[in-house]
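Understanding the architecture of this molecule
The primary structure of each chain is shown beneath.
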Amino acid sequence: MTGEPPPLVVDRQVALAAEALPGQADLEAWVAAVLARQPDEHRHELTIRFVDAEESQALNRDYRGRDKPTNVLSFPFEGPPGIELPLLGDLVICHSVVLQEAREQDKTTPAHYAHMVIHGTLHLLGHDHLDDAEAEIMEALEREILASLGIADPYLTPSPPHHDTDNEDERADA
């Protein structure tokens, strides 16, 4: 093995008619920024699907028991035992929720999309925010990665932070 990371493969899927969706180059840059901090990670393939509120709500209800649309859902790939594939998993991002949150939090849509993709990719890599200690680690990584891309701290917003992970808040649901 040459020591070089495997090629990044981002399957961009658009399941709605919408403007202001991130393009392939942005998605790849955001995911690459996460993976650059994971030098031992060899899974470099994922799908990012942009959906409407109806599809987001159905997935959130069926997989998380929350009957409402949400910003980002993460589905890590779990392969059969003994078989290693380069798949990280899938991210499903609800366009209308991201737009609404960006407005409410006084962020640009591209900056909020970058945060959602980075947050979701960290979930695919096993990070979580179920307790305060995990949340601090994950949020610090998000801040560092976003800063490397010239994007401001997403947790410094005019709206007060919420720590009830059952609500839509500054922490992406994933």
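Residues numbered from 1 in each chain as written. Predicted model: local features only at pLDDT ≥ 70, side-chain atom pairs only at ≥ 80, totals over all residues. Heavy atoms only, no water.

**Focus: the overall build of the protein chain**
What counts here: Strands are runs of DSSP state E lasting at least two residues, helices are runs of H or I lasting at least four, and both sets are numbered from the N terminus onward. Exposure categories follow from relative accessible area, calculated using a 1.4 Å probe and restricted to protein chains: below 20% of the type maximum is buried, above 50% is exposed, and the middle band is partly exposed. Accessible surface area values rest on a Shrake-Rupley calculation with a 1.4 Å probe, where residue burial reflects the displayed protein chains alone.
Assigned secondary structure in the protein chain consists of 5 helices and 4 strands. Helices and strands in the protein chain line up, N terminus first, as β-α-β-α-β-β-α-α-α. For the protein chain, with 174 residues in total, the buried portion stands at 40%. If you sum the accessible surface of the protein chain, you get close to 9,000 Å²; carbon and sulfur atoms cover 52% of it.

**Section: the UniProt feature "binding site: Zn(2+)" (unreviewed entry) in the protein chain**
Here is the rule we go by: UniProt positions are given in the numbering used here, feature names are shortened, and annotations may be inferred rather than shown by experiment. We define a polar contact as two N or O atoms separated by no more than 3.5 Å, with the added condition that, inside protein, one atom must be a possible hydrogen donor and the other a possible acceptor, whereas residues neighbouring each other in sequence contribute only through side-chain atom pairs.
With numbering aligned to this structure, UniProt lists the feature "binding site: Zn(2+)" (unreviewed entry) at His119, His123 and His129. Tracing the sequence through the fold places His123 in helix H4 (residues 109-124). Within polar-contact distance, the side chain of His123 engages the backbone oxygen of His127 at 2.9 Å. Inspection of the secondary structure puts His129 in the loop between H4 and helix H5 (132-148). Judged by relative accessible area, His129 falls into the buried class, the value being 6%. A polar contact is formed between the side chain of His129 and the side chain of His119, at a distance of 3.3 Å.

**Describing the side chain of His95**
Formally: Throughout, a contact is declared for two residues whenever any of their heavy atoms are within 4.5 Å.
Mapping His95 onto the fold places it in helix H3 (residues 95-104). With residues up to four places along the chain from it excluded, the contact list for His95 reads Leu16, Ala18, Glu19, Ala20, Leu21, Val51 and Tyr113.

**Some words on the packing of H3 against H4**
To keep it simple, the criterion reads: To get an axis, a line is fitted to the C-alpha atoms, and for a helix only the part in contact is used. The angle between two axes follows their N-to-C directions and goes from 0 to 180 degrees. The scheme is simple: roughly parallel for angles under 35 degrees, roughly antiparallel for over 145, roughly perpendicular for 65 to 115, oblique for anything else. Should the near helix be turned counterclockwise from the far one by less than a right angle, the crossing is left-handed, whereas a clockwise turn marks it as right-handed. Residues were grouped as follows: Ala, Val, Leu, Ile, Met, Phe, Trp, Tyr, Cys and Pro as nonpolar; Asp, Glu, Lys and Arg as charged; and all remaining residues, including Gly, as polar.
At a minimum axis separation of 9 Å, H3 and H4 run at an interaxial angle of 120 degrees. Looking at the two axes, H3 sits oblique to H4. Relative to H4, H3 is oriented so that their crossing is right-handed. Contacts between H3 and H4 involve His95, Val98, Leu99, Glu101 and Ala102 on the former and, on the latter, Thr109, His112, Tyr113 and Met116. By residue class, the composition of the contact of H3 with H4 is 5 nonpolar, 3 polar and 1 charged.

**A word on the pairing of strand S1 (residues 9-14)**
What counts is decided by this rule: Any two strands with at least two DSSP-identified bridges between them are counted as paired. Look down the strands so they point away from you; if the path from the first strand over the helix to the second goes clockwise, the crossover is right-handed.
In this structure, S1 lies alongside strand S2 (residues 45-51), joined through 6 bridges in parallel fashion. When the bridges of S2 are listed, Val10 appears paired with Leu46. Following the backbone out of S1, through helix H1 (residues 24-35) and into the adjacent parallel S2, one traces a crossover that is left-handed.

**A look at H3**
Given 3.6 residues per turn, any residue in an α-helix points the same way as the ones three and four places further on. The criterion, for reference: The arc in question is traced by the directions running from the helix axis to the C-beta atoms.
Listed in full, the buried residues belonging to H3 are His95, Val97, Val98, Glu101 and Ala102. Projected onto a plane normal to the axis of H3, the buried residues spread over an arc of 165 degrees and lie on a single side. In this structure, the buried residues of H3 make contact with S2, strand S4 (87-94) and H4. Two residues or fewer past H3, Asp106 is found with a positive phi of approximately 55 degrees.

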